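One letter stands for each residue in the lines below.
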Amino acid sequence: GENVEQHPSTLSVQEGDSAVIKCTYSDSASNYFPWYKQELGKRPQLIIDIRSNVGEKKDQRIAVTLNKTAKHFSLHITETQPEDSAVYFCAATTYGNNRLAFGKGNQVVVIP
Amino acid sequence: DTAVSQTPKYLVTQMGNDKSIKCEQNLGHDTMYWYKQDSKKFLKIMFSYNNKELIINETVPNRFSPKSPDKAHLNLHINSLELGDSAVYFCASSHVSGSEETQYFGPGTRLLVL
């Protein structure tokens, strides 16, 4: 089955700087890659996703890039703010597959 | 924000007890899931039901028994609770249609076994 790895496990950034989280996946058939944000004590919530037919997607201060050849995808957060502090999970799956393979999560800490 | 709901939100109980957690979704999705999140934050899939049929059954002790009375509900019953069952349990739902795979999570049930 699909195996997703996330790096680094913890990331501390100064407010206003950028944060980048990288994930690699093992199954070349995977074609859907969501990112979830989980604030302390809350549920994981989808913040952005990307499908394999595009290489990049942006939504305000967050963006995701996908390199299918290298089988990795990354989350980019620009102009970080304290409310960006959370655990971020990447995941991968194929269309029609009801199993999302999650990474182990990255703790992002934005230092004011 | 109440698209996927769970009850109870908190559950504190003694070892050996039996407890149930309920989940409901009003998104019209056909697939529902149970995840366990331990103190290390890893999201571990436990079960998945599609149209009331069990399709994912991970290596979970048989003290855990899911039940799906209809597409909108997925409950989790746990027998003979153990200390290691303490975790946050998340329900999720999705529509596995081939173009929309996003899973939406419930608020979680924080289970503490004493």
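I will try to describe carefully the structure that is included in this document.

Quick look at the overall build of chain B
1) Next: Looking only at helices and strands, chain B has 0 helices and 11 strands in total.
2) Next: The order of helices and strands in chain B, counted from the N terminus, is β-β-β-β-β-β-β-β-β-β-β.
3) Next: Its C-alpha atoms give chain B principal-axis dimensions of about 45 × 25 × 25 Å.
4) Next: Here chain B holds 114 residues, and the buried ones make up 46% of them.
5) Next: Across chain B, the fraction of contacts at a sequence separation of at least 24, relative to all contacts at a separation of at least 6, is 54%.
6) Next: Computed over 12 positive and 12 negative side-chain charges, the separation of the two mean positions in chain B equals 7 Å.

Thoughts on unusual backbone geometry
Trans peptide bonds make up most of the peptide bonds, and negative phi angles are found at most residues other than glycine.
1) Next: A cis amide bond, omega -5°, links T7 of chain B with the succeeding residue P8 of chain B.
2) Next: Here P8 of chain B is to be found in the loop between β1 (4-7) and β2 (10-13).
3) Next: Unlike most non-glycine residues, E79 of chain A shows phi in positive territory, near 45°.
4) Next: Looking at the element boundaries, E79 of chain A is found in the loop between β8 (72-77) and β9 (86-92).
5) Next: The backbone of S80 of chain B sits at a positive phi, close to 45°, despite the residue not being glycine.
6) Next: Among the secondary structure elements, S80 of chain B is positioned in the loop between β8 (73-78) and β9 (87-94).

Looking at the interface of chain B and chain A
1) Next: Taken residue by residue, the interface counts 25 residues in chain B and 23 residues in chain A.
2) Next: Carbon and sulfur atoms make up 54% of the surface buried where chain B meets chain A, a total of about 2,000 Å² over both sides.
3) Next: When the buried surface of chain B facing chain A is broken down by residue, L43, E101 and F105 of chain B rank first, second and third, together holding 25% of it.
4) Next: Where chain B packs against chain A, one counts 1 salt bridge.
5) Next: The salt bridge partner of E58 of chain B is R99 of chain A, with a shortest N-O separation of 2.9 Å.

Quick notes on the environment of P82 of chain A
Residues and elements named next belong to chain A.
1) Next: On the secondary structure map, P82 appears in the loop between β8 and β9.
2) Next: Residue classification places P82 among the partly exposed positions, given a relative accessible area of 34%.
3) Next: Sequence separation of P82 and E15 is 67 residues, and the distance between their C-alpha atoms is 6.7 Å.
4) Next: Setting aside residues up to four positions removed in sequence, P82 forms contacts with E15 and V110.

Some points on the pattern of salt bridges
Residue and element names in this part refer to chain B.
1) Next: Scanning all chains against the criterion turns up 6 salt bridges over all chains.
2) Next: For R63, the salt bridge identified is with E82, shortest N-O distance 3.5 Å. One end of the pair, R63, is in the loop between β6 (53-57) and β7 (64-70); the other, E82, is in the loop between β8 and β9, with 19 residues separating them in the sequence.
3) Next: Residues joined in a network through salt bridges with shared partners are R63, E82 and D85.

Thresholds applied
Residues numbered from 1 in each chain as written. Chains lettered and ligands numbered in written order. Predicted model: local features only at pLDDT ≥ 70, side-chain atom pairs only at ≥ 80, totals over all residues. Heavy atoms only, no water. Helix = DSSP H or I, 4+ residues; strand = E, 2+ residues; numbered from the N terminus. Buried < 20%, exposed > 50% of the residue type's maximum accessible area, 1.4 Å probe, protein only. Contact = heavy atoms within 4.5 Å. Lys, Arg positive; Asp, Glu negative; His and termini not counted. Charge placed at Lys NZ, Arg CZ, Asp CG, Glu CD. Buried area = accessible area lost by both parts, 1.4 Å probe. Salt bridge = Lys/Arg side-chain N within 4 Å of Asp/Glu carboxyl O.

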